[in-house]
Amino acid sequence: MKHYSFAYGSTQVALDLPETGEIEELKGHQEASVEDIPGALTLALEHPVHQQPLNQWLRPGDPVTLIISDMSRFWMRQDLVIPPLVDYLEQRCGIRIQDLVILVANGTHDGGSREELETLVTKEVFDRVPVINHDCKAPDLVYLGTTSRGTPVEVHPLAVGRKVIALGAATHHVMAGYGGGRKSILPGISSLETIRHNHALSLDPEAPRSNPAIGNGVLEGNPLHEDMCEAAAMVEQLYVINLVMNAEMKLSRIIAGHWLDSWLEACEAADSIYRTPISRKADIMIAGCGGYPKDMSLYQGTKTIDNVEPGLKIGGTLVLLAECRDGGGPAEYFDWIHPLAKGTLDPELRKNFTIPGYIFYLNCEQARRYRILMLTSVDPAQLAPMGIQAFSNVEELLAQVDFTGKLTYVIENGSTVIPRTEGTAT
């Protein structure tokens, strides 16, 4: 037997796999973590990509909005970067604390509690700098224009008439190609209408399926990405700080500067870490999400499927370990079971597009492509209509898998591994 340990929620799950087939473990490429975060941050800010150094771009007296990610992306540990960044703004750029505000890019997510906001920015910063939750339904959002694809761009007023610094992480994203960068604006601080119009581009306009032009690591021709870029370009004074995490989910690079060019460089860095070459696709794949908050819900945890599925044969078996203590995540996630049961999921999603609805739709598509077995706290009865088998006991789950003569890939942290087939795959 081969022994493996997976992060699962806030605990660990052990798996013993029989050596009756071929087993390979896939990991992201090794890269050292940043030891001196304030020093690395200063270096990035003073040697930016295609932009002035931050202490030249900013002037004393400038009103500044710092956009940060919400609790669902706490894995990027922006709490380690924000305190030295605030110090840099104050001490090296001459920005007064009263001219600084922190805006949480919640997108369509609910705003965090006071405790969560303190966790995101640290209590020290929270006590000094106003921290504001973005509300995508707020009545005072500001219209900036309409993209070439007809998306009306409405954003938080704190992104208008102020210098804006967006702090985010470059990582792979099944809809937008990569997260971070322009996503701090759309969906981060945009209106619900803006987000819905943009994200509806995830559906194929010609067939009842996901748009084949989108996907992990896909930028060229990706309508969501291109639409997001048009929206970000409407924010007149935008500077971006990009974080890149290594395979151990520790900060490995900070790249700052022009909102698009610096982010593209960060995406290339993420590729160099996460993309893992394989010679052929597997019959079986066993993947964890990296623990909480990566597996806080199906909405978040199934992003691991998006990452790892390029390494699995169509019709293969995917074992996903995702606690999902918050169930589906957004309350409406499981509401889409009703149109699924009626056979009207695609037309109803097109009529009333929502992001949780699309993630549900995508998960159903994935369950048709693969046999998905989940170790999870979610009620099996909720997942069964989607075609996903759920288990609360790992031994019972593994008893459903025949490893004999099969190629199995084991990915302990599917958040940091993108299998990439080289040559002809079977």
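Our subject is the structure listed above.
Predicted, not measured: the structure shown is a model, and the values here were computed from it.

Criteria and cut-off values
- Residues numbered from 1 in each chain as written.
- Predicted model: local features only at pLDDT ≥ 70, side-chain atom pairs only at ≥ 80, totals over all residues.
- Heavy atoms only, no water.
- Helix = DSSP H or I, 4+ residues; strand = E, 2+ residues; numbered from the N terminus.
- Rg over C-alpha atoms; globule rule 2.2 N^0.38 Å.
- Buried < 20%, exposed > 50% of the residue type's maximum accessible area, 1.4 Å probe, protein only.
- Contact = heavy atoms within 4.5 Å.
- Areas by Shrake-Rupley, 256 points an atom, 1.4 Å probe, with all protein chains shown as cover.
- Lys, Arg positive; Asp, Glu negative; His and termini not counted.
- Charge placed at Lys NZ, Arg CZ, Asp CG, Glu CD.
- Axes fitted to C-alpha atoms, helices over the stretch in contact; angles between N-to-C directions.
- Parallel < 35°, antiparallel > 145°, perpendicular 65-115°, else oblique.
- Left-handed = near helix turned anticlockwise from the far one by under 90°.
- Nonpolar A, V, L, I, M, F, W, Y, C, P; charged D, E, K, R; others polar.
- Pairing = 2+ DSSP bridges.

## What about the overall build of the protein?
Thinking step 1. The helix and strand tally for the protein stands at 15 helices and 20 strands.
Thinking step 2. Relative to the 2.2 N^0.38 estimate, which gives 22 Å for 426 residues, the radius of gyration of the protein is 21 Å and therefore close to what a compact globule would have.
Thinking step 3. When the 426 residues of the protein are sorted by exposure, 59% land in the buried category.
Thinking step 4. For the protein, restricting intrachain contacts to residue pairs at least 6 apart in sequence, the fraction spanning at least 24 positions comes to 75%.
Thinking step 5. When the accessible surface of the protein is summed, it comes to about 16700 Å², and 49% of that surface belongs to carbon and sulfur atoms.
Thinking step 6. Within the protein, the 54 negative side-chain charges are centred at a point lying 2 Å from the centre of the 35 positive side-chain charges.

## Comments concerning the packing of helix 1 (residues 37–46) against helix 3 (residues 82–91)
Thinking step 1. Packing of helix 1 against helix 3 brings their axes to within 9 Å, and their N-to-C directions diverge by 50 degrees. With respect to each other, helix 1 and helix 3 are oriented oblique. Relative to helix 3, helix 1 is oriented so that their crossing is right-handed. Taking contact as the criterion, the partners of I37, P38, L41, T42, L45 and E46 in helix 1 are, on helix 3, P84, L85 and Y88.
Thinking step 2. Considering only residue class, the contact of helix 1 with helix 3 consists of seven nonpolar, one polar and one charged.

## Observations concerning the pairing of strand 16 (residues 312–321)
Thinking step 1. Counted residue by residue, strand 16 has seven buried out of ten residues, so it is predominantly covered.
Thinking step 2. Inspection of the sheet shows strand 15 (residues 282–288) paired to strand 16 by six bridges, in the parallel sense. Counterpart to I284 in the pairing with strand 16 is T317.
Thinking step 3. Across five bridges, the pairing between strand 16 and strand 17 (residues 371–375) is parallel. Bridge pairing links L318 to I372 in strand 17.

Any functional reading would require information beyond the geometric quantities listed.
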